[in-house]
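Chain by chain, the residues:
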Amino acid sequence: MSNNPKNFQSIYNEYTVLVYNVALNYLQNMEDAQEITQDVFVQVHHSMEKFNEKSAFKTWIYRITINKCLDFIKQKNSKKRFFIFGRKSNNEYEIENISDFQHPGILLENKEKSEILFGVINELPENQKTAFILSKLDGLSNPEISEIMQVSISSVESLVFRAKSNLKEKLSNKFEEYRKKK
């Protein structure tokens with residue numbers, strides 16, 4: 001992979017929407033997703049020489065994006081813990097409202113339900129959350145997810161199944177409609 005500016009610009013043009021959407025699905029905040037998108041492409045630019053082409057370039061970009069998102073969430077959660085123990089951040093409102101989610105594609109009347117849904121998705125274990133987001137929100141196939149997450153296809157199937165089971169259980173407690181349907 002050549003590290004010339006023209007090549008990087010074409011990579012940026014091709015993958016920027018994908019990276020932003022993955023970040024938005026993870027973080028549920030447009031500004032945070034934009035920040036992660038910038039961070040991903042800074043890393044891509046600095047790491048292009050190291051790309052070993054053992055996997056698809058798109059898979060490599062997905063891995064970088066997911067890792068950046070997970071690191072961002074961990075950093076935010078540690079700031080939130082420090083705040084609880086009395087150490088204040090520069091932006092207390094942001095820390096207190098981490099899952100104040102406003103996805104541009106959600107209609108206003110569904111906003112409350114979408115906040116509950118994404119709140120529950122955020123409670124899933126990391127691997128389940130990643131598999132679920134890549135499968136159900138990004139629409140990737142199990143083999144693609146397997147390559148991105150570096151696990152077997154059967155592990156992906158299991159992670160998605162467990163994520164759906166956990167979501168169903170947690171949502172049934174939050175949405176009375178789920179109890180009535182059973």
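Scroll up a little and you will see the structure.
Residues numbered from 1 in each chain as written. Predicted model: local features only at pLDDT ≥ 70, side-chain atom pairs only at ≥ 80, totals over all residues. Heavy atoms only, no water.

Chemist: What is the right way to read the overall build of the protein from this model?
Modeler: Scanning the protein for helices and strands turns up nine helices and zero strands. Taken across its 182 residues, the protein has 37% of its residues classed as buried. Partitioning the contacts of the protein with sequence separation of at least 6, the portion at a separation of at least 24 is 62%. Accessible surface computed for the protein: about 11200 Å², of which carbon and sulfur atoms make up 49%. (Helix = DSSP H or I, 4+ residues; strand = E, 2+ residues; numbered from the N terminus. Buried < 20%, exposed > 50% of the residue type's maximum accessible area, 1.4 Å probe, protein only. Contact = heavy atoms within 4.5 Å. Areas by Shrake-Rupley, 256 points an atom, 1.4 Å probe, with all protein chains shown as cover.)

Chemist: Please clarify how the nonpolar core should be interpreted in this entry.
Modeler: A general feature of soluble globular proteins is that nonpolar side chains tend to end up buried together. Ile11, Tyr26, Val44, Phe57, Ile61 and Leu134 are the most contacted members of the largest nonpolar core, which has 44 residues in total. When contributions to this core are tallied by element, the ones reaching two or more residues are helix H1 (5-27), helix H2 (30-47), helix H3 (57-84), helix H5 (111-123), helix H6 (126-137), helix H7 (142-149) and helix H8 (153-174). It is H1 that contributes the most residues to this core, 10 residues altogether. Each residue touching Val44, except ones within four places of it in the same chain, is listed here: Phe8, Ile11, Phe57, Trp60, Ile61 and Ile64. (Core = buried A, V, L, I, M, F, W, Y, C linked by side-chain atoms within 4.5 Å.)

Chemist: What should I look at first to understand the environment of Pro143 in this one?
Modeler: With respect to the helices and strands, the residue Pro143 is situated in helix H7. Distance in space between the C-alpha atoms of Pro143 and Glu157 is 9.8 Å, their sequence separation being 14 residues.

Chemist: Before we go on, may I ask you to explain the environment of Gln150 in this structure?
Modeler: Relative to the helices and strands, Gln150 is located in the loop between H7 and H8. Residue Gln150 is classed as exposed on the basis of its relative accessible area, which comes to 60%. Along the sequence, Gln150 and Arg63 sit 87 residues apart, while their C-alpha atoms lie 9.4 Å from each other. Those residues in contact with Gln150 that lie beyond four places of it in its chain are Arg63 and Ile145.

Chemist: Help me understand the packing of H6 against H8 in this model?
Modeler: Between two packed helices, what matters for the description is the angle formed by their axes and the separation of those axes. With their axes 8 Å apart at the nearest point, H6 and H8 run at an angle of 95° to one another. With respect to each other, H6 and H8 are oriented roughly perpendicular. Mapping the contact onto sequence places Asn127, Gln128, Ala131, Phe132, Ser135 and Lys136 in H6 and Leu159, Val160, Arg162, Ala163, Lys164, Asn166 and Leu167 in H8. Residue composition of the contact of H6 with H8, by class: six nonpolar, four polar and three charged. (Axes fitted to C-alpha atoms, helices over the stretch in contact; angles between N-to-C directions. Parallel < 35°, antiparallel > 145°, perpendicular 65-115°, else oblique. Nonpolar A, V, L, I, M, F, W, Y, C, P; charged D, E, K, R; others polar.)

Chemist: What's the story with the side chain of Arg63 in this structure? I'm lost.
Modeler: By the element assignment, Arg63 lies in helix H3. Among buried charged residues, Arg63 stands out as having no salt bridge; its nearest opposite-charge side chain is Glu147, 5.1 Å away. Reaching out from Arg63, the side chain makes a polar contact with the backbone oxygen of Ile148 at a distance of 3.1 Å. Leaving out residues up to four positions away in the same chain, Arg63 has contacts with Ser55, Glu147, Ile148 and Gln150. (Lys, Arg positive; Asp, Glu negative; His and termini not counted. Salt bridge = Lys/Arg side-chain N within 4 Å of Asp/Glu carboxyl O. Polar contact = N/O pair within 3.5 Å; in protein donor to acceptor, adjacent residues only side chain to side chain.)

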